[in-house]
Amino acid sequence: MPKTVLITGASRGIGAAAARLFARAGWQVGVGFHQNREAAAAVARELEGLGARAVPLQGDVSDPGQAAGLTEECRAALGGLDALVCCAGVALPQQLLTDTTDGQWRQVMGTDLDGVFYTVRAAVPHMVRRRSGSIVTVSSMWGMTGGSCEAAYSAAKAGVIGLTRALAKELGPSNIRVNCVAPGVIDTDMNRGLDRQAMEELARETPLCRIGTAEEAAECILFLAEERSAFLTGQVLQPNGGFVI
Ligand code: NAP
């Protein structure tokens, strides 16, 4: 029986790249999305073309009921939940903390931190019952170092790392691993708001002299979900070209 993964934020970017890698590795995939139904359906069709069972699953992870619904629907549609990848995320335009509104702060914390809490909380009882599971959260290098004019995003992503490490300790005795991927600058829609000059500057600041691809971040996610990383838990893997060491 193939294993099943639910990937939130799988309609685009890093989550979609991860979905393709899991499908190629023989997994069944729940393709989580928020608004882009057509994009998620296209990803699911593509995975089926690769021979994997896949189902698009709509839900706003910042809503506890919808986040729980995602895990339930994934299990109902695909028959299990062996791994959970919390990849859904949003970022604000770069701005001063003093220009950040209450609503913007809530949007970022709600999706990037609360969303991980709600989704993991819903998935864990099933994994504990089976005494098996792997959870991969997605943070950011700004969650490790703090990014200037990225205060809300940095705070949320730092929270994801704390949550990951705490859960690794809490869930290890139940044979559930919890690890994190903290990418550097990756070429996805999330960075479309940055102009060419800003992207070139970020590439120049990166020791490997370029930004990363969604596939490079996704490879780390697949590695941490699979059995070949069986003795890793509470780790933060950093596909960032050396930007943060
Ligand atoms: P992206 O291309 O902008 O895609 C974001 C994904 O998250 C989409 O699938 C989107 O669904 C989903 N999403 C957004 N809000 C949601 C919500 N409230 N509920 C459920 N799903 C929601 O982003 P990305 O660059 O692939 O980023 C993926 C993850 O990596 C994020 O957590 C991000 O913070 C992190 N990250 C990215 C970078 C980077 O440079 N790109 C660097 C470090 C970390 P819809 O398509 O339906 O809107």
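Residues numbered from 1 in each chain as written. Predicted model: local features only at pLDDT ≥ 70, side-chain atom pairs only at ≥ 80, totals over all residues. Heavy atoms only, no water.

Novice: Outline the site of the ligand, supporting the account with residue identities and numerical values.
Specialist: Of all residues adjacent to the ligand, which total 31 residues, the nearest are Ser11, Ile14, Gln35, Tyr153 and Thr188. Backbone polar atom of Gly9 to an oxygen atom of the ligand: 3.3 Å apart, as the coordinates give it. At 2.9 Å from an oxygen atom of the ligand is found a side-chain nitrogen or oxygen belonging to Lys157. Relative to its free-state accessible area of 910 Å², the ligand is covered by the protein chains to the extent of 95%. Sorting the residues of the shell around the ligand by element identifies α1 (13–24) and α6 (151–171) as the ones contributing at least two each. Looking at the shell around the ligand residue by residue, the class counts come to 13 nonpolar, 14 polar and four charged. (Near = heavy atom within 4 Å. Polar contact = N/O pair within 3.5 Å; in protein donor to acceptor, adjacent residues only side chain to side chain. Areas by Shrake-Rupley, 256 points an atom, 1.4 Å probe, with all protein chains shown as cover. Helix = DSSP H or I, 4+ residues; strand = E, 2+ residues; numbered from the N terminus. Nonpolar A, V, L, I, M, F, W, Y, C, P; charged D, E, K, R; others polar.)

Novice: Run through the pairing of strand β2 (residues 28–33), naming residues and quoting values.
Specialist: Within β2, six of the six residues are buried, which leaves the element mostly enclosed by the surrounding structure. What you see with β2 is no split at all: Gln28, Gly30 and Gly32 on one side and Val29, Val31 and Phe33 on the other are buried throughout. Looking at chain direction, strand β1 (residues 4–8) and β2 are connected through four bridges and run parallel. Counterpart to Ile7 in the pairing with β2 is Val31. One ladder, built from five bridges, connects β2 with strand β3 (residues 54–58); its direction is parallel. Residue pairing across strands places Phe33 opposite Gln58, the latter belonging to β3. A crossover connection joins β2 to the parallel β3 through helix α2 (residues 37–49); in handedness this β-α-β unit is right-handed. (Buried < 20%, exposed > 50% of the residue type's maximum accessible area, 1.4 Å probe, protein only. Pairing = 2+ DSSP bridges. Right-handed = clockwise from strand over helix to strand, strands pointing away.)

Novice: Describe the pattern of salt bridges, naming the residues involved and giving the relevant values.
Specialist: Charged atoms that come close allow side chains of opposite charge to pair. Tallied over the full model, the rule gives eleven salt bridges. Note that Asp189 and Arg12 form a salt bridge whose closest N and O atoms lie 3.0 Å from each other. With Asp189 in the loop between β6 (176–181) and α7 (196–205) and Arg12 in the loop between β1 and α1, this residue pair connects regions lying 177 residues apart in the sequence. Taking relative accessible area as the criterion, Asp189 reaches 38% and is therefore assigned partly exposed. Here Arg130 makes a salt bridge to Asp82, at a shortest N to O gap of 3.1 Å. Pair noted here: Arg130 is in helix α4 (residues 102–130) and Asp82 is in the loop between α3 (64–78) and β4 (83–86), with a separation of 48 residues, a long-range link. Given the relative accessible area of 39%, Arg130 is considered partly exposed. (Salt bridge = Lys/Arg side-chain N within 4 Å of Asp/Glu carboxyl O.)

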